[in-house]
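# Chains, contacts and geometry: an overview
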Amino acid sequence: MSVRVRFAPSPTGPLHIGGVRTALYNYLFSKANGGKFLLRIEDTDQTRFVNGAEEYIVEALNWCGLTIDEGDRAGGEHGPYKQSLRFKLYSKAVDELIASGNAYRAFDTPKELAIMRAEAESRKKVFQYDARTRGGCKNELSMSSAEVDELLANGVPHVVRFKTPEAPKDVVFTDEIRGKVSVSSAVIDDKVLMKMDGLPTYHLANVVDDHHMEISHVIRGEEWLPSAPLHILLYRAFKWNAPKFAHLPLILKPEGNGKLSKRDGDAGGFPVFPIEWKDPKTGSVTSGYREQGYDPQAFINMLLMLGWNPGGVKEKFTLEEAVDCFSLDRIVKSGARFSPDKAKWYNELYLREKPHSELADELCSIAAAKGLVVSNDDAHKIVGMMLERVSFLKDIFEANWLFETPSKEDFNLKMVKKKWKDETSSYLEELSGVLEKIKVFKAENIEAEFKGFLEAKDLGFGQVLLPFRIALTGSGGGPSMFEFAEFLGKEATMARLQKGIDTIAEIKAEQNN
Ligand code: GLU
């Protein structure tokens, strides 16, 4: 059997990262088995359709490098790959089910159904349209054919419902991840397959399309597990072979309690969408992993490990490597807890492996967009100094002092107050005299002279190095100041040092007043 899998999102908004993971696992499974990866847009529910959502899905998958083999844009022999273009197929299928006695027309109005629901509720019961109740409802199983014909002739709106078989009692199937799943058919209701407007519901369209598109494996989120028994029954009613099913575990909140939501992302300051989403109605913009500066490979690697266990210590997998070892039996059954720190860690991993020349080019273009002029040579050096200290390349720009001499406003006042003693300025003035004399202004020479100065003056590192850093950068933290001084060059270092000392004197004077 050839492997054919599909990612079948509904264009109702941006893709959640859980959806991207579903797409990823489908992609990997198809590639690992020499199969095909399809994109099918499930847009039967026109009331939930959101403008731009389909384009968003395509762009997001593209950014992630998940190439579609068959789809409306990629082409293929099983198209169209959008459900709104396949309505004829669903009408034909539903007619077949009616003819074979597996589906029936029901004429209950929404109001009548609401009354039945309320009545059941008053008895602390839940109304379910099924073998026990359908006899008391308005449908072609409870009415005479003359009555039905009349209603149909008068164009009375109706739905088509699936006739859940009374036997077997349990629907049993094997989930590739969870093993044997058994569901009592008593909990399966007579689901609507065709709505009053003549449009199919998700269940009908999904099963019909999976069959016609020759899908071998349905790999989808756990939230669809409750629908699987109905789908199995539909396959049986159509006398079609059912595909294999694999229901993926949920992606959980960082705290582990419940499904990861957009609200968690907003609260924790991390995205839950792959790329930026602009809501067409409100115009509000929600950031994505792409806009946060993530390397798509890092993002995909992080998602790969959220629910799939390679069974070793290796955590870094390129898409190609993952294809080589991906299998459904290594997908975990329980929910996978999302970790924003791990996501960042993955980005650092990929960032630090990139060729410096590539990063330097990127740095130059970010700089240019910010109106800063940075030469490629300087960008190279900055990358060398900063790469181990940032999670994203753009973070480098938080250290504004790399690009510009700090002005008075840039100085960390608390740090100046705490770390700059009365005698500090004089130490730095003296240090300046020592640095001035260095012939070859290289980090190792600067460091040697610096240490010599401390020894001669019997001073500790802490008394001079942090002030030296504050004078040059305005704050604490960052790369080695010897390296940074080399980067600045002698003249600029001396000038910055002097300006720093002067500015701090001003700040100190204000603080003492
Ligand atoms: N359209 C469904 C969704 O939005 C697809 C479910 C499935 O893969 O069967 O997730």
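See the structure printed just above.
Rules behind the numbers
Position numbers for residues count from 1 along each chain, tracking the sequence in the order it is written. Totals for whole chains, interfaces and linings use all residues, but because this is a predicted model, local features are given only for residues with pLDDT of at least 70 and pairs of side-chain atoms are given and counted only at 80 or more. Side-chain measures were taken over the full set of non-hydrogen atoms in the model, leaving aside hydrogen atoms and water. Pairing between strands is defined by DSSP: at least two bridges between the two strands are required. Starting at the N terminus, helices and strands are each numbered in turn, a helix being any DSSP run of H or I of at least four residues and a strand any DSSP run of E of at least two. Fitted lines through C-alpha atoms give the axes, limited to the stretch in contact for helices. The angle between two N-to-C directions lies from 0 to 180 degrees. The contact definition used throughout considers only heavy atoms, calling two residues in contact when any of these lie within 4.5 Å. The nonpolar core is taken to be a set of buried Ala, Val, Leu, Ile, Met, Phe, Trp, Tyr and Cys residues, with the residues joined through side-chain atoms within 4.5 Å. We call a residue buried when its accessible area falls under 20% of the maximum for its residue type, exposed when it is over 50%, and partly exposed in between, using a 1.4 Å probe and counting protein chains only. An expected span of 1.5 Å times one less than the residue number is assigned to each helix. Using only the protein atoms, space was sampled on a 1 Å grid; points where a 1.4 Å probe fits but cannot get out form cavities, open sets with protein on both sides within 12 Å along at least five of seven lines form pockets, and lining residues are those with an atom within 4 Å of a point. Grid points are joined across faces, edges and corners, and a volume is the space filled by probe spheres set on the points. Charged residues are taken to be Asp, Glu, Lys and Arg, nonpolar residues to be Ala, Val, Leu, Ile, Met, Phe, Trp, Tyr, Cys and Pro, and polar residues to be all remaining types, Gly included. An angle below 35 degrees is read as roughly parallel, one above 145 as roughly antiparallel, one from 65 to 115 as roughly perpendicular, and any other as oblique. For any helix crossing, the convention is left-handed if the near helix is rotated counterclockwise from the far helix by under a right angle, and right-handed if that rotation is clockwise.

### Quick look at the sheet that holds strand β4 (residues 159–162)
Reading across from one edge, β3-β4-β7 is the order of the 3 strands in this open sheet, with antiparallel pairing throughout. Because the sheet does not close on itself, it has two edges, and the strands there are β3 (103–106) and β7 (192–194). Averaged over all neighbouring strand pairs, the angle between strand axes comes to 45°, with direction disregarded. Bridging between β3 and β4 involves 4 bridges; their strand directions are antiparallel. Looking across to β4, one finds that Y104 is bridged to R161. Contacts from helix α3 (residues 87–99) reach β3, β4 and β7, with the element oriented near 125° to β7.

### What about the nonpolar core?
Ranked by internal contacts, the top residues of the largest apolar core, which has 58 residues, are L66 and F338. No other element matches helix α1 (residues 17–32), which puts 8 residues into this core. Contacts of F338, omitting those with residues within four sequence positions, involve I17, I251, L252, K253, P254, L260, F270, Y289, M302, L306 and A343. L387, F397, F484 and I507 belong to the second-largest nonpolar core, a separate cluster that totals 53 residues.

### What about the pairing of strand β6 (residues 179–184)?
Looking along a regular strand, one sees side chains alternate from face to face of the sheet. Pairing of strand β5 (residues 170–175) with β6 involves 6 bridges; the strand directions are antiparallel. Its bridge partner lying in β6, F173 is registered against V181. Here β5 folds back onto β6, and the loop between the two strands holds 3 residues.

### Things to note about helix α2 (residues 53–64)
The first and last C-alpha atoms of α2 sit 16 Å apart over 12 residues, in line with the 16 Å expected at 1.5 Å per residue. Backbone geometry just after α2 places G65 at a positive phi near 80°.

### A short note on empty space enclosed by the protein
A full pass over the atoms with the stated rule returns 1 cavity of 30 Å³ or more. For the largest cavity, the calculated volume is near 30 Å³. Every residue lining the largest cavity is listed: L39, I41, E54, G71, D72, R73 and Y81. The class makeup of the residues in the lining of the largest cavity is 3 nonpolar, 1 polar and 3 charged.

### Quick word on the packing of helix α16 (residues 424–436) against helix α17 (residues 443–457)
With their axes 10 Å apart at the nearest point, α16 and α17 run at an angle of 135° to one another. For the element pair α16 / α17, the angle class is oblique. Of the two elements, α16 crosses α17, and the hand of that crossing is right-handed. Mapping the contact onto sequence places Y427, E430, L431, V434 and L435 in α16 and I446, E449, F450, F453 and K457 in α17. By residue class, the composition of the contact of α16 with α17 is 7 nonpolar, no polar and 3 charged.

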